[in-house]
Amino acid sequence: MDRNTTDQSFTESEFNAESVTNAEDTGPEQTDGFHLVIDALKLNGIDTIYGVPGIPITDLGRMAQAEGMRVISFRHEQNAGNAAAIAGFLTKKPGICLTVSAPGFLNGLTALANATTNCFPMILISGSSEREIVDLQQGDYEEMDQLAIAKPLCKAAFRVLHAADIGIGVARAIRAACSGRPGGVYLDLPAKLFSQVIDAETGAKSLVKVIDPAPAQLPAPAAVKRALDVLKGAKRPLLVLGKGAAYAQADEEVRALVERSGIPYVPMSMAKGLLPDTHEQSAGAARSMVLKDADVVVLVGARLNWLLSHGKGKTWGEPGSKKFIQIDIEPKEMDSNVEIVAPLVGDIGSCVSALLEGMGDDWKAPPAEWTDGIKARKDANLSKMSAKLLKNSTPMDFHGALGALRTIIKERPDAILVNEGANTLDLARSVIDMYQPRKRLDVGTWGVMGIGMGFAIAAAVETGKPVLAVEGDSAFGFSGMEVETICRYNLPVCIVIFNNNGIYRGTDTDPTGRDPGTTVFVKDSRYDKMMEAFGGIGVNATTPDELARAVNEAMDSGKPTLINAVIDPNAGTESGNIGSLNPQSTVKKKK
Ligand code: ADP
Ligand code: TPW
Ligand code: MG
């Protein structure tokens, strides 16, 4: 807040002074809301906060840092929220996003809703105005009934009014975020709470360590038998691995299921690398064929939503030609789109272990006719692709540029790949093989643009591994200001912008000739200069060789780097590979 722009008689720092004085008054045997929130998080093994400071949480961030927590300050709350969400996916602990009231809260809310949609555990903690004033709508500073607004957009929402309840409030938020189907939780902390003082011993006793936040959920033996009976009768079985399987961190169990059963599998985008994409049982490169021809499909932590054509239609072949077995922790997910003949409700690790146990020694691998047919299709598709990847044209096309990145990830399998855009997303997903679990982070269930820098930052902070963010030029723009954050924290993030001058393509025009076309950007932009502005490394790459050299250098040095990869504006297609979802007008308007 600023005296020049408002009539308010105090500045933000004067407003904050009240809490600081109170904190100083507390003495050795007292504690306050600020410290209790920090202690409650730390007690539960949460050591990082992603957020943007301001009234009433500025001091909370400072104190958390002083108490040894990592506090990553962003330029916009949506990016901090996306960082928290993906931290939750990577660690199975809820990622924490901390925001100021009303506008900051709303900026964070998109990320909270997105986390819930993707089943990532996160907690949005927001400061809020005083209840008495909000409920009488008397116009408090940044007034908003945040709890009511958050409720329909997340898994659970809680408010704490008394310092003595902070321990329980944080515990409830953690349990709600992690147990069952994970998701986003909102925790509302009104400004006054932070400076409430209570006796330190009472405060310490009020804290709750959440025991076993995501308890194992075992499937019923009868459900396991039912699933195995269906699977044993299959002639053309298929496993579909989803990001729920990646999240579950039951990597050994999933690998054992694939390899002992001999069943081919298809990974969903963020499940790539759960087993290496080069695994001989991967049917990723024959995806359309196996979805159409399989007779029994086992969904392992994957929903039959739009990404799997709702389990019906052309993608899935003749109506009634399929039986679905579904493993999911959420019972309500069963029969969401089509009949599930064998629902297996429980956590992935327990369900997969139970299947393995029940398979017995007389388990028969699927018929060779099925697996040989898949291999033939895979080989044909892969050889078609490999010719395209060697293209060395200037400006680059998508395949030429991606061919270079594919080799880099093969050589550096522990790097984390963040990916968003349309063509840049779809083509990178099919071209770049992944080799390790939870290394591919992308736009997820909503296909949302803007996750890029938040995901990249959290991936670097949480894992310490190098991050390669492959971004459409439009996609990057949604979170691009966070390059400053990447430089400020000196994170090992290398951003490659596939710069084709626009959304999908860079060739659109305004039929009236007045303005630029609606999908195009400034031609020949140099995004690399943005990185240089903050002390990072910027490179303009016009060939796959230049691109490969710059990425390798960035990965070796760990320095924040942004590479502007010049892509032919004609190369992309409208909406990437989901153009069929794009309604188009067939009406010709009379002039
Ligand atoms: P994808 O987009 O990869 O297909 P989805 O996000 O649609 O994956 O599906 C993930 C599913 O995994 C959700 O239905 C969720 O309930 C489920 N899930 C998440 N964690 C677990 C777990 N630990 N055990 C079992 N199922 C889980
Ligand atoms: C929050 C709609 C889907 S993909 C995309 C937009 C705007 C950008 C595609 O251009 P980009 O990629 O990134 O340059 P490329 O390689 O095809 O040129 N707002 C939100 N989410 C979505 N998904 C959109 C808009 C969209
Ligand atoms: Mg583009």
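Residues numbered from 1 in each chain as written. Chains lettered and ligands numbered in written order. Predicted model: local features only at pLDDT ≥ 70, side-chain atom pairs only at ≥ 80, totals over all residues. Heavy atoms only, no water.

## Some points on the site of ligand 1
Then comes step 1: Arg181, Lys243, Arg303, Asp328 and Ile348 are the nearest of the 20 residues found near ligand 1.
Then comes step 2: One nitrogen or oxygen atom from the side chain of arginine 181 is found 2.8 Å from an oxygen atom belonging to ligand 1.
Then comes step 3: Within the backbone of isoleucine 348, a nitrogen or oxygen atom sits 3.0 Å from a nitrogen atom of ligand 1.
Then comes step 4: Look at ligand 1: alone it shows 580 Å² of surface, and the protein chains cover 97% of it.
Then comes step 5: Residues that form the shell around ligand 1 fall into these classes: eight nonpolar, six polar and six charged.
Then comes step 6: Inspection of the shell around ligand 1 shows a minimum of three residues originating in each of domain 1 (12-206) and domain 2 (221-374). (Near = heavy atom within 4 Å. Polar contact = N/O pair within 3.5 Å; in protein donor to acceptor, adjacent residues only side chain to side chain. Areas by Shrake-Rupley, 256 points an atom, 1.4 Å probe, with all protein chains shown as cover. Nonpolar A, V, L, I, M, F, W, Y, C, P; charged D, E, K, R; others polar. Domains from an automatic or database assignment.)

## What about the nonpolar core?
Then comes step 1: In terms of nonpolar packing, the biggest core is built from 58 residues, with Tyr50, Phe89, Tyr186, Leu441 and Ile495 touching the most fellow members.
Then comes step 2: Setting aside residues no more than four positions away along its own chain, tyrosine 50 makes contact with Ile72, Phe74, Ala80, Ala83, Ala84, Ala87, Ile96, Cys97, Leu98, Ala458, Val461 and Glu462.
Then comes step 3: Ranked by size, the runner-up nonpolar core spans 39 residues in total, among them Phe34, Leu36, Val100 and Leu193. (Core = buried A, V, L, I, M, F, W, Y, C linked by side-chain atoms within 4.5 Å. Buried < 20%, exposed > 50% of the residue type's maximum accessible area, 1.4 Å probe, protein only. Contact = heavy atoms within 4.5 Å.)

## Focus on a nonpolar patch on the surface
Then comes step 1: Taken together, Trp306, Leu307, Ile578 and Leu581 make up a surface patch of nonpolar side chains, about 330 Å² in accessible area.
Then comes step 2: Of note, leucine 307 is situated in the loop between strand E11 (296-300) and strand E12 (323-328).
Then comes step 3: Judged by its relative accessible area of 30%, leucine 307 is partly exposed. (Patch = residues over 30% accessible without salt bridge, like charges linked within 9 Å, V, L, I, M, F, W, Y side chains within 5 Å. Salt bridge = Lys/Arg side-chain N within 4 Å of Asp/Glu carboxyl O. Helix = DSSP H or I, 4+ residues; strand = E, 2+ residues; numbered from the N terminus.)

## What to know about the side chain of threonine 561
Then comes step 1: By the element assignment, threonine 561 lies in strand E19 (residues 561-566).
Then comes step 2: A polar side-chain atom of threonine 561 sits 2.8 Å from the main-chain carbonyl oxygen of lysine 559.
Then comes step 3: The residues contacting threonine 561, other than those within four sequence positions of it, are Val493, Cys494, Ile495, Met531, Ile537 and Ala554.

## Examining the coordination of the magnesium ion (ligand 3)
Then comes step 1: Those protein atoms acting as donors to the magnesium ion (ligand 3) are Asp473 (OD), Asn500 (OD1) and Gly502 (O), and they sit at 2.0 to 2.1 Å.
Then comes step 2: All donors of the magnesium ion (ligand 3) come from a single chain, and their spacing in sequence reads D-x26-N-x1-G.
Then comes step 3: Accessibility expressed as a relative area gives 3% for asparagine 500, which makes it buried.
Then comes step 4: Judged by its relative accessible area of 2%, glycine 502 is buried. (Donors = N, O, S within 2.8 Å, 3.2 Å for Na, K, Ca; no water.)

## A closer look at the sheet that holds strand E18 (residues 537-541)
Then comes step 1: Pairing is parallel across the open sheet formed by six strands, whose spatial order is E15-E14-E16-E17-E19-E18. At either margin of the open sheet sits one strand with a lone partner, and together these are strand E15 (440-442) and E18. Neighbouring strand axes in the sheet, compared pairwise and without regard to direction, differ in orientation by 15° on average.
Then comes step 2: Contacts from helix H19 (residues 452-463) reach strand E14 (416-420), E15, strand E16 (467-472) and strand E17 (493-499) within the one sheet, and its direction differs from that of E16 by about 175°. (Pairing = 2+ DSSP bridges. Axes fitted to C-alpha atoms, helices over the stretch in contact; angles between N-to-C directions.)

## Looking at the sheet that holds strand E4 (residues 95-99)
Then comes step 1: One open sheet holds the six strands; their spatial order is E3-E2-E4-E5-E7-E6, and the pairing between them is parallel. Of all strands in the sheet, those with a lone pairing partner are strand E3 (70-73) and strand E6 (156-159), marking the two edges. Shown here is a sheet whose adjacent strand axes are inclined to one another by a mean of 20°, direction ignored.
Then comes step 2: The pairing of strand E2 (residues 48-51) with E4 spans three bridges and is classified as parallel. The partner of glycine 51 across the bridge, within E4, is leucine 98.
Then comes step 3: Contacting strand E5 (122-128), E6 and strand E7 (184-190), helix H8 (residues 166-178) runs over the sheet at an angle of about 165° to E7.

## A short note on the pattern of salt bridges
Then comes step 1: Inspection of every chain in the model, using the stated rule, returns 25 salt bridges.
Then comes step 2: Between lysine 465 and aspartate 414 there is a salt bridge whose closest N-O contact spans 3.9 Å. On the criterion of sequence distance, the pair formed by lysine 465 in the loop between H19 and E16 and aspartate 414 in the loop between helix H17 (398-411) and E14 is long-range, its members being 51 residues apart.
Then comes step 3: Taking relative accessible area as the criterion, aspartate 414 reaches 29% and is therefore assigned partly exposed.
Then comes step 4: Aspartate 426 is paired through a salt bridge with arginine 429; the nearest N and O atoms lie 2.7 Å apart.

## Details of the side chain of aspartate 473
Then comes step 1: Counting through the fold element by element, aspartate 473 comes out in helix H20 (residues 473-477).
Then comes step 2: As a buried residue without a salt bridge, aspartate 473 has its nearest oppositely charged side chain in lysine 523, at a separation of 9.1 Å.
Then comes step 3: At a separation of 2.7 Å, a polar atom in the side chain of aspartate 473 contacts the main-chain amide nitrogen of glycine 502.
Then comes step 4: Residues in contact with aspartate 473, not counting those within four places in the same chain, are Ile497, Phe498, Asn499, Asn500, Asn501, Gly502, Phe521 and Tyr527. (Lys, Arg positive; Asp, Glu negative; His and termini not counted.)

## Regarding the site of ligand 2
Then comes step 1: Looking at ligand 2, there are 17 residues lining it, with Asn423, Thr424, Gly447, Asp473 and Ala475 nearest.
Then comes step 2: Contact between ligand 2 and asparagine 423: an oxygen atom at 2.9 Å from a main-chain N or O atom of the residue.
Then comes step 3: Isolated, ligand 2 exposes 590 Å² of accessible area, and the fraction of that covered by the protein chains is 76%.
Then comes step 4: Looking at the shell around ligand 2, the elements with two or more residues in it are helix H18 (423-431) and H20.
Then comes step 5: Among the residues forming the shell around ligand 2, the class breakdown is eight nonpolar, eight polar and one charged.

## Here we look at the pairing of E2
Then comes step 1: Going residue by residue along E2, you find Thr48 and Tyr50 tucked away on one face and Ile49 and Gly51 tucked away on the opposite face as well.
Then comes step 2: Where E2 meets E3, four bridges bridge the pair, whose relative direction is parallel. In the strand pairing of E3, tyrosine 50 is matched with isoleucine 72.
Then comes step 3: Regarding topology, helix H3 (residues 58-66) serves as the crossover connection from E2 to the parallel E3, and that connection is right-handed. (Right-handed = clockwise from strand over helix to strand, strands pointing away.)

## Topic: the packing of aromatic side chains
Then comes step 1: In this structure the tally under the stated criterion is eight aromatic pairs.
Then comes step 2: Both rings, one in phenylalanine 34 and one in phenylalanine 194, keep their centres 5.2 Å apart while their planes meet at 25°; by these two values the pair is stacked. Here phenylalanine 194 lies in helix H9 (residues 191-195) and phenylalanine 34 lies in helix H2 (residues 33-43), a separation of 160 residues in the sequence. Per residue, the accessibility class of phenylalanine 34 equals that of phenylalanine 194, and both read buried.
Then comes step 3: For the ring pair tyrosine 50 and phenylalanine 74, a centre distance of 6.2 Å and an interplane angle of 65° mean the geometry is edge-to-face. Residue tyrosine 50 is located in strand E2, and its partner phenylalanine 74 is located in the loop between E3 and helix H4 (77-91); the two are separated by 24 residues in the primary sequence. (Phe/Tyr/Trp six-rings, centres within 6.5 Å; stacked < 30°, edge-to-face > 60°.)

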